[in-house]
Amino acid sequence: MVATAATASLFPISSPNSDSGGKNSGNHGNGPGSVDVRGINIKKSASSGLQVKTNAQAPTKVNGTRIGVMDGLKTDDSSSPAPRTFINQLPDWSMLLAAITTIFLAAEKQWMMLDWKTKRPDMLVDLDPFGFGRIVEDGFVFRQNFSIRSYEIGADRTASVETLMNHLQETALNHVKNAGLLGDGFGSTPEMCKKNLFWVVTKMQVLVERYPTWGDVVQVDTWVAPSGKNGMRRDWLICDCKTGEILTRASSNWVMMNKVTRRLSKMPDEVRAEIEHYFVDTPPVVDDDNIKLPKLDVNTADFVRNGLTPKWSDLDVNQHVNNVKYVGWVLESAPQNVVENYELASFTLEYRRECMKDSVLQSLTSLLGDVNGDPNHVDCQHLLRLENGGGEIVKGRTKWRPKYANRFIDHFPTQSG
């Protein structure tokens, strides 16, 4: 009885027909009161068709969602099933909308990041957002921007002299490259490469008004001019991109050397025809320093630094020591109290001969000004030569001024204990 009641609660059964008895057991699915196993009442219609009606019981719920046969759906023999439409075959619209929204949000985020990058101080700079440099001033001046990196500053919290010199060299080479004159050498033009020629610097003069510090963005302009019959002069201006303040002025003289004979060479007419269109007839940005200096040797020098040797990394593609390296070697013999209490305001270097990879050098320095007697500046004379009385490599003069380290303290966060 209990089983019967439970079954009846799930599948309603009409009262048995007293006329059917056991004789009608084979036709129990055709009578008007018959019930199939799904709980669906099946009635015979006058047209011999079947009328399907859903059970009055509530559809089963799975995870809170109703499932089952659709209420009110009637199917007739003559009717066709509902056609499958394009809408029915699409994925869930909510998921599609979520995917589209995600794509648009990601695109908006990328756009905002790109817009922020173009407004960074080191990217701003006069249509040169990536710092590659470009030719301006009717094709005569090359301009490039540099952001001072943390590894380019020294103990004084300012860019080192070597950093500034590297910027000068980089813009000079990029000027030749952007002008379409870069051959297979280090700054050599195609005609120079054919004749095994390359440029060597004979004189460099640098005047530093103020050293940039970490995070500053500088703009370097450079151009070339004729120098004598067989030489070329190259000038630079380094400015602060934010204020336009001139930070450094530099001027240099260059001649050609034969890569095979390692001797100086005249400028061939073919080379002159390549470069003379880029010459600017302007005076140098630094007045020529032609002061005669006394002879400097081991006996007259105040400070001597021995045993300086070039490393493989000090050589450039022309297999000679890069001119920037000479600056560091010259300052190796500068007195420590000058280096610690003064900053380099200007220097003039005259390059006498090239240094080979197996050379051993000696750096000499003598004081031309009294540190204690004149607190405003110190002058030094320098000589870089081969050891054991060898030939002169570089000779020069430096001027130093007192340091003002407090000017740069705001650029760095203070540390608290």
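Look up a bit, the structure's there.
All of the points below concern the structure found in this document.

**Regarding a nonpolar patch on the surface**
Together, Leu96, Ile100 and Phe104 line one region of the surface with nonpolar side chains, adding up to about 300 Å² of accessible area. The residue phenylalanine 104 is located in helix α3 (residues 93–117) in this model. Using a relative accessible area of 62% as the deciding quantity, one classes phenylalanine 104 as exposed.

**A short note on the packing of aromatic side chains**
A full pass over the atoms with the stated rule returns two aromatic pairs. Between tyrosine 326 and tryptophan 329, the aromatic rings sit 5.9 Å apart at their centres with planes inclined by 65°, giving edge-to-face as the arrangement. One end of the pair is tyrosine 326 and the other is tryptophan 329, both in helix α7 (residues 323–330) and three residues apart, which spans about a single turn. Across this residue pair, the class does not change: tyrosine 326 and tryptophan 329 are buried. Aromatic ring contacts, followed pair by pair, group Tyr326, Trp329 and Tyr351 into a single cluster.

**A closer look at the environment of alanine 225**
By the element assignment, alanine 225 lies in strand β8 (residues 217–227). Overall, the relative accessible area of 1% leaves alanine 225 in the buried class. As a C-alpha pair, alanine 225 and glutamate 276 span 51 residues in sequence and 8.3 Å in three-dimensional space. Not counting residues within four places of it along the chain, the set of residues in contact with alanine 225 comprises Met232, Arg233, Phe279 and Val280.

**Observations concerning empty space enclosed by the protein**
Applying the stated criterion across every chain yields a total of two cavities of 30 Å³ or more. Size it by volume and the largest cavity reaches roughly 40 Å³. Elements supplying a minimum of two residues to the lining of the largest cavity: α4 (161–178), β7 (197–208) and β13 (342–351). Of the residues assigned to the lining of the largest cavity, the class counts are nine nonpolar, no polar and no charged.

**Considering the side chain of aspartate 289**
Note on placement: aspartate 289 falls in the loop between α6 (269–275) and β12 (303–308). Lacking a salt bridge, the buried aspartate 289 has arginine 397 as its closest oppositely charged neighbour, with an N-O distance of 4.4 Å. Here the side chain of aspartate 289 touches threonine 348 through a polar contact of 3.3 Å, side chain to side chain.

**Some words on the environment of serine 366**
Along the chain, the position of serine 366 falls in strand β14 (residues 361–367). By relative accessible area, which is 7% here, serine 366 ends up buried. Residues serine 366 and aspartate 302, spaced 64 residues apart in sequence, show a C-alpha to C-alpha distance of 4.7 Å. Among all residues touching serine 366, those that are not within four sequence positions of it are Leu296, Thr300, Ala301, Asp302, Asp379, Cys380 and Gln381.

**Examining the state of the cysteines**
The full count for this structure, using the stated rule, is zero disulfides. Between cysteine 239, a free cysteine, and cysteine 241, which holds the nearest cysteine sulfur, the sulfur-to-sulfur gap is 8.2 Å. By relative accessible area, cysteine 239 is classed as buried at 14%.

**Focus: the pattern of salt bridges**
Where charged atoms of side chains with opposite charge meet at close range, the side chains can pair. As enumerated under the stated definition, the model contains 16 salt bridges in all. Taking the shortest distance from any N to any O, the salt bridge between aspartate 288 and lysine 203 comes out at 2.7 Å. Note that aspartate 288 is positioned in the loop between α6 and β12 and lysine 203 in strand β7, a separation of 85 residues in sequence. For lysine 203, a relative accessible area of 10% puts it in the buried group. What you see here is one network of salt bridges that share partners, running through Glu191, Lys194, Lys195 and Glu270.

**What to know about the layout of surface pockets**
Volume-wise, the largest pocket comes out at about 690 Å³. Taken together, 40 residues line the largest pocket, and the ones lying closest to its centre are Trp199, Val200, Val201, Trp254 and Val255. Mapped onto the lining of the largest pocket, the elements with two or more residues apiece are α4, β7, β9 (231–240), β10 (246–258) and α7. In terms of residue count, the dominant contributor to the lining of the largest pocket is α4 (seven residues). Of the residues belonging to the lining of the largest pocket, the class tally is 25 nonpolar, nine polar and six charged.

**Observations concerning α4**
Under the 1.5 Å per step criterion, the end-to-end length of α4 is 26 Å for 18 residues, consistent within 8% with the ideal 26 Å. α4 sits mainly inside the fold: 13 of its 18 residues count as buried. Positive backbone phi, approximately 80°, marks glycine 180, located one or two places after α4.

**Focus on the packing of α4 against α7**
Closest axis-to-axis distance for the α4/α7 pair is 9 Å, and the angle between their directions is 165°. Classed by the angle they form, the pair α4 and α7 counts as roughly antiparallel. Crossing handedness for the pair α4 and α7: right-handed. Residues Val161, Glu162, Met165, Asn166 and Gln169 of α4 form the contact with α7, whose participating residues are Asn323, Val324, Val327 and Gly328.

Criteria and thresholds
Residues numbered from 1 in each chain as written. Predicted model: local features only at pLDDT ≥ 70, side-chain atom pairs only at ≥ 80, totals over all residues. Heavy atoms only, no water. Patch = residues over 30% accessible without salt bridge, like charges linked within 9 Å, V, L, I, M, F, W, Y side chains within 5 Å. Areas by Shrake-Rupley, 256 points an atom, 1.4 Å probe, with all protein chains shown as cover. Salt bridge = Lys/Arg side-chain N within 4 Å of Asp/Glu carboxyl O. Helix = DSSP H or I, 4+ residues; strand = E, 2+ residues; numbered from the N terminus. Buried < 20%, exposed > 50% of the residue type's maximum accessible area, 1.4 Å probe, protein only. Phe/Tyr/Trp six-rings, centres within 6.5 Å; stacked < 30°, edge-to-face > 60°. Contact = heavy atoms within 4.5 Å. 1 Å grid on protein atoms, 1.4 Å probe; cavity = no way out; pocket = protein on both sides within 12 Å on 5 of 7 lines; lining within 4 Å. Points joined across faces, edges and corners; volume = space filled by probe spheres on them. Nonpolar A, V, L, I, M, F, W, Y, C, P; charged D, E, K, R; others polar. Lys, Arg positive; Asp, Glu negative; His and termini not counted. Polar contact = N/O pair within 3.5 Å; in protein donor to acceptor, adjacent residues only side chain to side chain. Disulfide = S-S within 2.5 Å. Expected span 1.5 Å × (residues − 1). Axes fitted to C-alpha atoms, helices over the stretch in contact; angles between N-to-C directions. Parallel < 35°, antiparallel > 145°, perpendicular 65-115°, else oblique. Left-handed = near helix turned anticlockwise from the far one by under 90°.

Nothing here speaks to function; it is all geometry.
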